[in-house]
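Coordinate analysis (summary)
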Amino acid sequence: MRTLGLFAGIALTHLRHRRRQTLVSVLGVAIGVGFSIAMAALMQGFQQFFIDRIINAAPHVVMYDDYRDPPAQPVSRVYGDATVEISGLKPLRERRGIKDARAAIAALETRPGIAVAPVLSGPLILSYGAKDLSISVIGIDPEREVRVTTLANDMVEGSLALLRTNPNGIVVGSGLMKKLGLRMGQQVTAASPTGSPISMKVVGRFETGLAAVDQGTAYVLLKKAQILQDQPDAINQIRVRLADVALASDTAKSIERQFGYRTESWEETNSNVLSIFVVQNSIMFSTVGAILLVAAFGIYNIISTVVYEKARDIAILKSMGFREGDVRLIFVLEGALVGLIGALAGWALGYLLTKLLGIIPLPGQGGMIRRPTSGFILYESFTHYLVSGGFAMVAAVAAGFIPARKAARLDPVEIIRGGV
Amino acid sequence: MAASERPAVEAIGVTRIIEGAVSTTLVQDINLDIPKGQFAVITGPSGSGKSSLLYILGLLDRPTKGSVRLDGRETAGLDAEALADLRLTQLGFVFQFHFLLPEFSALENVALPLRRLGRDSDTTILARAQSLLEEFGLGGMSHKRPDQLSGGERQRVALARALVNKPLVVLADEPTGNLDSRNSELVFDLFSRLAKAGQTIVAVTHDMELAKRADRRIRMVDGRVVADEH
Ligand SMILES: Nc1ncnc2c1ncn2[C@@H]1O[C@H](COP(=O)(O)OP(=O)(O)OP(=O)(O)O)[C@@H](O)[C@H]1O
Ligand SMILES: [Mg+2]
């Protein structure tokens, strides 16, 4: 331990000897670490917020009224794999909707930690004034729906209960309201491609924060949706909320196995977004990795220079009885010191950058999500500090190790003979 | 043989050949023992192998043939770490060009081997280093860096450092090669004094006048010992 202090002291004098180069390397590490912390907070903040919104706002699992593989048509059932090709076949028309939905809901509700709500969703054209907008209408059972989504919390005007007292009531998203220029209590004409138009009254407004949802969704009573879509008694989704969201994927699979209908977990439904996150993260990690790599080259560079310049000192130390391992340690410590100081400075830089990102006001409200705050949504985590700092230390030590090994192998006799 | 009668250092049939396009023989068939407390000098023309022999005796270089014993202990089979440890505890070097660490003060330079040994507290180490510097007339210079010292002062600092771990043998390669005659005499006076107190010293020198102060003169020519006068 005491000798470690001696080695560190020698390492420090070497770095002090190359002050400017050391400073540049420290800065390189600091920038790498600092940016990785700020970027991680930014990315994870955005992603976490997005995922939270999805998990909260949407059901965890949805059973649809179709199948993952299209059902076999009677003709292929008869002819099987025959090479005869028949074209112009009309598929057997099945009644849409989940068959025996009531029984399915009852069966699902026996599972523990589960809330279930039936839904009939379909396309709808909302007309108000001169504007027509094609949206998706969701027929709900309000009492059940609030148990599977956070729709009740997302209500900013009116209420879902008003749907019960106004059978022709409709609850619309904030963005949609704005687009149509609608206001609470006003009448709007609703028509589906299959049913006849109905005049409906706006009894509520919701806002999830997900722009796509807020601009393109409306809720009506399930019964009313069945009339609008001309599908009496039909439902085409069973929405499920789980006490433990981590079970979503497994639950979806087991429901699909039980009923045959296509059943998606929230991960599957949002897989395109989640895969964008993967791309985002890879870009982030490669950027930060590149910064740290450059910093590591800088460290390698100073330590190599120091080894070259201090060959004489190395020979003295070895003739004095320092072991090869001692000499190696001295130079590895130099790398570690640059890494450590750089990581600490990087932590400070990362902290400041994160704070800065949290307060700078962002222009506009565009983008995929609406933010609850004016700055970026940030996810601050000590793990980011540990990971980036640890990575920097590993890179620094590795960068120091190569020249350190060379230093340890120097032959003192050669250097002493070289003289002067 | 009693411990005190064992030679401090012995060379037994030592030959060192450097293999290359033309192999060079640095030293050849050296048989030598240096008793404890002896002050021996190695003389000889340039290129005769004096430094080469000193590096081998000091375990900085290994003989191609033959072996070196330190206090009766065979060193041929030892690995690099064991040799380093022996250099730390049993040997002290002084080279022609004051090999001091330039960023460290005289005191810190002298303290280095003791610190590497790591046996004593820092206060004890610094006290010992300081007393050695005082013994060599450098008491007031301890906080100066090497570039703030004269050549003679640096060489005495180097000697203090060589002695700080109380080595069995001090090996000096032309320690006065860079010094004027006054400073050279100062260094050799120190050697004589230390040898009288029981310190074994092997020094290489070109200066025949200084060589006369030693207990023993070993003369080398072409890598061989040609004269050994006690
Ligand atoms: N690495 C080497 N490769 C080839 N020849 C070498 C090597 N090292 C030393 N020599 C040669 O070995 C011989 C002995 O060298 P050494 O340094 O031991 O002589 P020296 O007696 O100390 O000379 P000087 O008085 O000039 O210091 C010299 O001829 C030298 O040129
Ligand atoms: Mg020589």
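Keep in mind the model is a prediction, meaning the values are calculated, not measured.

1. Considerations on the domain arrangement of chain A
- According to the domain assignment, chain A contains domain 1 (4-55 + 273-416) and domain 2 (67-73 + 96-261).
- Between domain 1 of chain A and domain 2 of chain A, the C-alpha centre-to-centre distance is 51 Å.

2. Section: the interface of chain B and chain A
- Counting from both sides, the interface comprises 31 residues of chain B and, opposite them, 27 residues of chain A.
- Sorting the residues of chain B by area buried against chain A places Phe99, Glu103 and Arg116 of chain B first, and these three jointly supply 26% of that buried surface.
- Between chain B and chain A we count four salt bridges in total.
- In this structure, the salt-bridge partner of Lys310 of chain A is Glu103 of chain B, at a minimum N-O distance of 2.3 Å.
- Every element with two or more residues in the side of chain B that touches chain A is listed here: α1 (50-57), α2 (80-90) and α3 (106-117) of chain B.
- With six residues, α2 of chain B is the single largest residue contributor to the side of chain B that touches chain A.
- By residue class, the composition of the side of chain B that touches chain A is 16 nonpolar, five polar and 10 charged.

3. Brief notes about the site of ligand 1
- Around ligand 1 sit 14 residues in total, of which Arg417 of chain A together with Ser46, Gly47, Ser51 and Ser52 of chain B are the nearest.
- The residues that come close to ligand 1 belong to more than one chain, namely chains A and B.
- Within the side chain of Arg417 of chain A, one N or O atom sits 2.7 Å away from an oxygen atom of ligand 1.
- The separation between an oxygen atom of ligand 1 and a polar side-chain atom of Ser52 of chain B is 2.5 Å.
- Compared with its free state, where it exposes 630 Å², ligand 1 has 64% of that area covered by protein.
- Elements represented by at least two residues in the shell around ligand 1 include exactly β2 (24-34) and α1 of chain B.
- Broken down by element, the residue count for the shell around ligand 1 peaks at three residues, all from α1 of chain B.

4. Concerning the packing of helix α15 (residues 324-359) of chain A against helix α16 (residues 382-409) of chain A
All names here are of chain A.
- The geometry of α15 relative to α16 is characterised by a closest axis approach of 7 Å and an angle of 155 degrees between their N-to-C directions. The angle between α15 and α16 places the two elements in the roughly antiparallel class. Considering only the axes of α15 and α16, their crossing is right-handed.
- Each residue belonging to the contact of α15 with α16 can be placed in one class, and the counts come to 16 nonpolar, six polar and three charged.

5. Quick notes on the sheet that holds strand β10 (residues 224-229) of chain B
All names here are of chain B.
- In spatial order, the strands read β6-β7-β8-β3-β9-β10; together these six strands make up an open sheet with mixed pairing. In this open sheet, the two edge strands, each paired with only one partner strand, are β6 (91-94) and β10. Across this sheet, the average inter-strand angle for adjacent strands is 20 degrees, counted without regard to direction.
- By the bridge criterion, four bridges tie strand β3 (residues 39-43) to strand β8 (residues 200-204) in an arrangement that is parallel. Bridge pairing in β8 places Phe39 opposite Ile201.
- Contacts from α1 reach β3, β6, β7 (169-173), β8 and β9 (216-221), with the element oriented near 155 degrees to β7.
- Seen against the sheet, α2 touches β6 and β7 and runs at an angle of roughly 80 degrees to β6.

6. Quick word on the pairing of β7 of chain B
Residues and elements named next belong to chain B.
- With five of five residues buried, β7 is to be regarded as a mostly interior element.
- Where burial is concerned, the two faces of β7 agree: the one with Val169, Leu171 and Asp173 and the one with Val170 and Ala172 are both buried.
- Across four bridges, the pairing between β6 and β7 is parallel. Counted as the bridge partner of Phe93 is Leu171 from β7.
- Sheet analysis places β7 next to β8, joined by five bridges and oriented parallel. Counterpart to Val170 in the pairing with β8 is Ile201.

7. Re the packing of aromatic side chains
- Summed over all chains, the structure comprises 12 aromatic pairs over all chains.
- Measuring from ring centre to ring centre gives 6.4 Å for Trp347 of chain A and Phe382 of chain A, while their planes differ by 65 degrees; the resulting arrangement is edge-to-face. Residue Trp347 of chain A is located in helix α15, and its partner Phe382 of chain A is located in helix α16; the two are separated by 35 residues in the primary sequence.
- When the centroid spacing of 5.8 Å and the interplanar angle of 45 degrees are considered together, the rings of Phe39 of chain B and Phe188 of chain B count as tilted. One end of the pair, Phe39 of chain B, is in strand β3; the other, Phe188 of chain B, is in helix α6 (residues 181-196), and 149 residues separate them in sequence. Residues Phe39 of chain B and Phe188 of chain B agree in their burial class; the two are buried.
- By way of ring pairs, the aromatic residues Trp347, Phe382 and Tyr385 of chain A are connected into one cluster.
- Over the ring of Tyr64 of chain A we find Arg262 of chain A; its NZ or CZ atom is 4.3 Å from the centre of that ring.
- One Lys or Arg, Arg312 of chain A, reaches over the ring of Phe99 of chain B and ends 4.4 Å from the middle of that ring.

What counts, and at which threshold
- Residues numbered from 1 in each chain as written.
- Chains lettered and ligands numbered in written order.
- Predicted model: local features only at pLDDT ≥ 70, side-chain atom pairs only at ≥ 80, totals over all residues.
- Heavy atoms only, no water.
- Domains from an automatic or database assignment.
- Contact = heavy atoms within 4.5 Å.
- Buried area = accessible area lost by both parts, 1.4 Å probe.
- Salt bridge = Lys/Arg side-chain N within 4 Å of Asp/Glu carboxyl O.
- Helix = DSSP H or I, 4+ residues; strand = E, 2+ residues; numbered from the N terminus.
- Nonpolar A, V, L, I, M, F, W, Y, C, P; charged D, E, K, R; others polar.
- Near = heavy atom within 4 Å.
- Polar contact = N/O pair within 3.5 Å; in protein donor to acceptor, adjacent residues only side chain to side chain.
- Areas by Shrake-Rupley, 256 points an atom, 1.4 Å probe, with all protein chains shown as cover.
- Axes fitted to C-alpha atoms, helices over the stretch in contact; angles between N-to-C directions.
- Parallel < 35°, antiparallel > 145°, perpendicular 65-115°, else oblique.
- Left-handed = near helix turned anticlockwise from the far one by under 90°.
- Pairing = 2+ DSSP bridges.
- Buried < 20%, exposed > 50% of the residue type's maximum accessible area, 1.4 Å probe, protein only.
- Phe/Tyr/Trp six-rings, centres within 6.5 Å; stacked < 30°, edge-to-face > 60°.
- Lys NZ or Arg CZ within 6 Å of the ring centre and 35° of its normal.

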